[in-house]
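Secondary and tertiary structure notes
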Amino acid sequence: MAFHIKPEIRILGIDDSALISDDILIVGAFFRGGQWLDGVMHSSIHRDGMDATERIAEMVTSSKHYGQIKVIMLDGVTYGGFNPVDIVRLYEGTEIPVIVIMREVPDLEKIKDALSNLPDPGERFRIILRAGAITKVVSKDPLNPIFIQCAGIDTEKAGEVVRLSSTRSNVPEPLRVAHMIATGMVCGESRGKA
């Protein structure tokens, strides 16, 4: 499938809030490129649950913006603690390419160790591994690259989308704003880094 990147490509950045209850708020910031916020949506997932993929897919497909979203951006592949997002299933369920953004390469051994304290650790780890290869991308600061994983889009095109939407920092603006909204709603004001 041909994937054309326009300056105002519609991107949905999704992040979660602070882990202060068993129901974790997730927020989607719907952007045109890295410039204009066009909408906000929200849902919730269970802390350390197994419902993140389904809840995100439902939030996306039930949105009035669904037909316009060209890319979904996620802040890592686990939300609400260790509630894993199967990015391949999310892509298949929404038919929208998924780009995962990470500030650093995850330590899979530490993650595997942490998962041993939760139900279904093997399944959770398989979902995390299913996100595939991790690729370094230089977005805004050449000395501070970020890392991506993708489903439904090749890494070259994904890197273009990341660079286009990283207008204020190394983190794409849709994710940065989703993080600020989610933490602000739950904590009273935004805090931390997306």
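This text goes with the structure placed above it.
Let me sum up the structure you'll find in this document. (Residues numbered from 1 in each chain as written. Predicted model: local features only at pLDDT ≥ 70, side-chain atom pairs only at ≥ 80, totals over all residues. Heavy atoms only, no water.)

Helices and strands together make up the secondary structure of the protein chain, namely six helices and nine strands. What you see for the protein chain is a C-alpha radius of gyration of 15 Å, in line with the 16 Å of a compact globule of 194 residues. Projecting the C-alpha coordinates of the protein chain onto the three principal axes gives extents of approximately 45 × 35 × 35 Å. For the protein chain, the proportion of its 194 residues judged to be buried stands at 49%. Across the protein chain, the fraction of contacts at a sequence separation of at least 24, relative to all contacts at a separation of at least 6, is 63%. (Helix = DSSP H or I, 4+ residues; strand = E, 2+ residues; numbered from the N terminus. Rg over C-alpha atoms; globule rule 2.2 N^0.38 Å. Buried < 20%, exposed > 50% of the residue type's maximum accessible area, 1.4 Å probe, protein only. Contact = heavy atoms within 4.5 Å.)

Turning to helix α4 (residues 121-130), a few remarks are in order. If you check which residues of α4 are buried, you get Arg124, Phe125, Ile127 and Ile128. Down the axis, α4 shows its buried residues gathered within 155 degrees of arc, on one side only. Looking at the buried residues of α4, the elements they touch are β5 (78-79), β6 (83-84) and α3 (108-115). (Arc of directions from axis to C-beta.)

Our next topic: the sheet that holds strand β3 (residues 36-46). In spatial order, the strands read β3-β2-β1-β4-β7-β9-β8; together these seven strands make up an open sheet with mixed pairing. Edge positions in the open sheet fall to β3 and β8 (135-137), since each of these has one partner strand only. The sheet shows a mean angle of 30 degrees between the axes of neighbouring strands, direction not considered. Pairing between strand β4 (residues 71-75) and strand β7 (residues 98-102): four bridges, direction parallel. Pairing of leucine 74 across the sheet is with valine 100, part of β7. (Pairing = 2+ DSSP bridges. Axes fitted to C-alpha atoms, helices over the stretch in contact; angles between N-to-C directions.)

Among the five residues in β7, five count as buried, and that is most of the element. The two faces of β7 match: Val98, Val100 and Met102 on one face and Ile99 and Ile101 on the other face are all buried. Pairing of β7 with strand β9 (residues 146-151) involves five bridges; the strand directions are antiparallel. Among the inter-strand pairings, methionine 102 is bridged to a residue of β9, identified as phenylalanine 147.

In this structure, the largest pocket spans a volume of roughly 610 Å³. Lining the largest pocket are 25 residues, with Gly76, Thr78, Met102, Pro106 and Ile111 sitting closest to its centre. Tallied by class, residues from the lining of the largest pocket come to twelve nonpolar, six polar and seven charged. (1 Å grid on protein atoms, 1.4 Å probe; cavity = no way out; pocket = protein on both sides within 12 Å on 5 of 7 lines; lining within 4 Å. Points joined across faces, edges and corners; volume = space filled by probe spheres on them. Nonpolar A, V, L, I, M, F, W, Y, C, P; charged D, E, K, R; others polar.)

Put simply, α3 and α4 touch, their axes get as near as 9 Å, and they point 150 degrees apart. On the basis of their axis angle, the class for α3 and α4 is roughly antiparallel. In this structure, α3 crosses over α4, and the sense of that crossing is right-handed. Counting all contacts with α3, which are made through Leu108, Ile111, Lys112 and Leu115, the residues of α4 involved are Pro121, Arg124, Phe125, Ile128 and Leu129. Grouping the amino acids of the contact of α3 with α4 by side-chain chemistry returns seven nonpolar, no polar and two charged. (Parallel < 35°, antiparallel > 145°, perpendicular 65-115°, else oblique. Left-handed = near helix turned anticlockwise from the far one by under 90°.)

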